[in-house]
There are 2 protein chains.
Amino acid sequence: MDLDEVIKALGHPVRREILQWLKEPEKHFADQAHPLEVGVCAGMFARCGLSQSTVSTHLAVLQRAGLVSTRRIGQWVFYKRNDDTIAAFLRQIGQEL
Amino acid sequence: MDLDEVIKALGHPVRREILQWLKEPEKHFADQAHPLEVGVCAGMFARCGLSQSTVSTHLAVLQRAGLVSTRRIGQWVFYKRNDDTIAAFLRQIGQEL
DNA sequence: TTGATATTTCGTTAAATTTAGATATATAGT
DNA sequence: ACTATATATCTAAATTTAACGAAATATCAA
């Protein structure tokens, strides 16, 4: 867990919003065609209002920081929260700070 | 407490280091000429290796985010951690995230 | 293989951040 | 009033980040 990378990833409101959505997928993505168990399809995050390529970049930042994990199924990529990293971050920032 | 401003303030390693130093002033600033009770003198943070103006800017970012409070005594400005804001941040980020 | 859909990567532009030097302000001491 | 010290602010350069459209890649379906 690279604290610096994680904290920078959390430094953008859209990325924090995405993580919050992923906390309760059934609440925010009930309309998803695929089963939510595999994760939330990348395209679903278009709701943040940014262009598709920008959303993809934000998701990549979250993934590089280890805050989400991905799984490709066919032409889709599904995203899940990585609760381990999030918990580790909260522990470390609570300690360091 | 503006979460966005706080998290951005924490997004720079030097600013986090300053907050950590301020956690134990007697440990890191035992050489200060002034009593540590009033806070840590701005000039003491030169040890981070950056120029005076840059240090001053970082301190201003921390202050605007409410992470530190200041007190001017004569020609000096003394900085203290603002534990209330820090605690509020940890609470909120732990809840939102 | 061709076409359609989903996603990432690339190229570019605009905006924000970091940094330092120079200048300005505040205060102290003589 | 003048000088020295401490700090903040201004200005400019370099770097990073955010955003988008276009192009590239991946997979599926016919």
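As a reminder, the structure under discussion sits directly above these lines.
Throughout, a residue's number is its position along its own chain's written sequence, starting from 1. Whichever chain is written first is A, and whichever ligand is written first is 1; the rest continue in order. Only residues with pLDDT of 70 or above have their local features reported here, since the model is predicted, and side-chain atom pairs are shown and tallied only from 80 upward, although totals for entire chains, interfaces and linings are computed over all residues. By convention in this description, side-chain values take in all heavy atoms of the structure and omit both hydrogens and water.

A.B. asks: Describe the sheet that holds strand E1 (residues 40-41) of chain B, naming the residues involved and giving the relevant values.
C.D. replies: Residue and element names in this part refer to chain B. Across the sheet, three strands lie side by side as E1-E3-E2; this open sheet has antiparallel pairing. At either margin of the open sheet sits one strand with a lone partner, and together these are E1 and strand E2 (68-73). We treat two strands as partners when DSSP finds at least two bridges between them. Under the scheme used here, helices are H or I runs from DSSP no shorter than 4 residues and strands are E runs no shorter than 2 residues, and both carry numbers assigned from the N terminus. Examined bridge by bridge, E2 and strand E3 (residues 76-81) share six bridges and lie antiparallel to one another. Considered in E3, the bridge of Arg71 is made with Phe78.

A.B. asks: Outline the side chain of Arg15(A), supporting the account with residue identities and numerical values.
C.D. replies: Among the structural elements, Arg15(A) can be located in helix H2 (residues 13-21). No salt bridge is formed by the buried Arg15(A). Its closest oppositely charged neighbour is Asp4(B), at 9.3 Å. Residue contacts are defined here by distance: any two heavy atoms, one from each residue, within 4.5 Å place the two residues in contact. Aside from chain neighbours lying at most four places away, what touches Arg15(A) is Lys8(A), Ala9(A), His58(A), Val61(A) and Leu62(A). Working definition: with a 1.4 Å probe on protein chains only, accessible area under 20% of the residue-type maximum means buried, over 50% means exposed, and in between means partly exposed. This count recognises Lys and Arg as positive and Asp and Glu as negative, with His and chain-terminal groups excluded. A pair is scored as a salt bridge if a Lys or Arg side-chain nitrogen falls within 4 Å of a carboxyl oxygen belonging to Asp or Glu.

A.B. asks: Any chance you could break down the sheet that holds strand E2 (residues 68-73) of chain A for me, citing the residues and the numbers?
C.D. replies: The strand order across the open sheet built from three strands is E1-E3-E2 (chain A), with neighbouring strands paired in antiparallel fashion. Of all the strands in the sheet, just strand E1 (40-41) and E2 of chain A have a single pairing partner and so form its edges.

A.B. asks: Can you explain the pattern of salt bridges? Please cite residues and give values.
C.D. replies: Once their charged atoms are close, side chains differing in charge can pair, the charge on each being opposite to the other. Residue and element names in this part refer to chain B. Enumeration according to the criterion identifies ten salt bridges over all chains in this entry. Across the pair Lys8 and Asp4 runs a salt bridge whose closest N-O atoms are separated by 3.0 Å. Residue Lys8 and its partner Asp4 are both found in helix H1 (residues 3-9); the two are separated by four residues, about one turn of the helix.

A.B. asks: Describe the protein's contact with DNA strand C, naming the residues involved and giving the relevant values.
C.D. replies: Here a residue counts as near a molecule or strand whenever at least one of its heavy atoms sits within 4 Å of it. Close to DNA strand C lie 20 residues, the nearest being Gln52(A), Ser56(A), Tyr79(A), Ser51(B) and His58(B). For this analysis, a polar contact is any N or O atom pair within 3.5 Å, provided that within protein one partner can donate a hydrogen and the other can accept it, and provided that sequence-adjacent residues contribute only side-chain to side-chain pairs. In this structure, a phosphate oxygen belonging to DNA strand C sits 3.3 Å away from a main-chain N or O atom of Val77(A). Take Tyr79(A): an N or O atom from its side chain is 2.7 Å from a phosphate oxygen of DNA strand C. Mapped by element, the contributors of at least two residues to the surface near DNA strand C are helix H4 (52-64) and strand E3 (76-81) of chain A together with helix H4 (52-64) of chain B. Examining the composition of the surface near DNA strand C, we find that four residues originate from one element, H4(B), more than from any other. Under the grouping applied here, Gly and all other residues not named as nonpolar or charged are polar, the nonpolar ones being Ala, Val, Leu, Ile, Met, Phe, Trp, Tyr, Cys and Pro and the charged ones Asp, Glu, Lys and Arg. When grouped by side-chain class, the residues that make up the surface near DNA strand C number six nonpolar, 13 polar and one charged.

A.B. asks: Account for the interface of chain A and chain B, with residues named and values stated.
C.D. replies: If you look at the interface, chain A gives 20 residues, while chain B gives 20 residues. Once two parts are brought into contact, the accessible area they lose, counted with a 1.4 Å probe and summed over both, makes up the buried area. For the pair chain A and chain B, the two sides together bury roughly 1,700 Å², of which 63% comes from carbon and sulfur. The interface formed by chain A and chain B includes two salt bridges. Residue Arg16(A) is joined to Asp4(B) by a salt bridge in which the shortest nitrogen-to-oxygen separation is 2.7 Å. When residues of the side of chain A that touches chain B are traced back to their parent elements, those giving at least two are helix H1 (3-9), H2 and helix H5 (83-96) of chain A.

That's the geometry; what it means functionally is another story.
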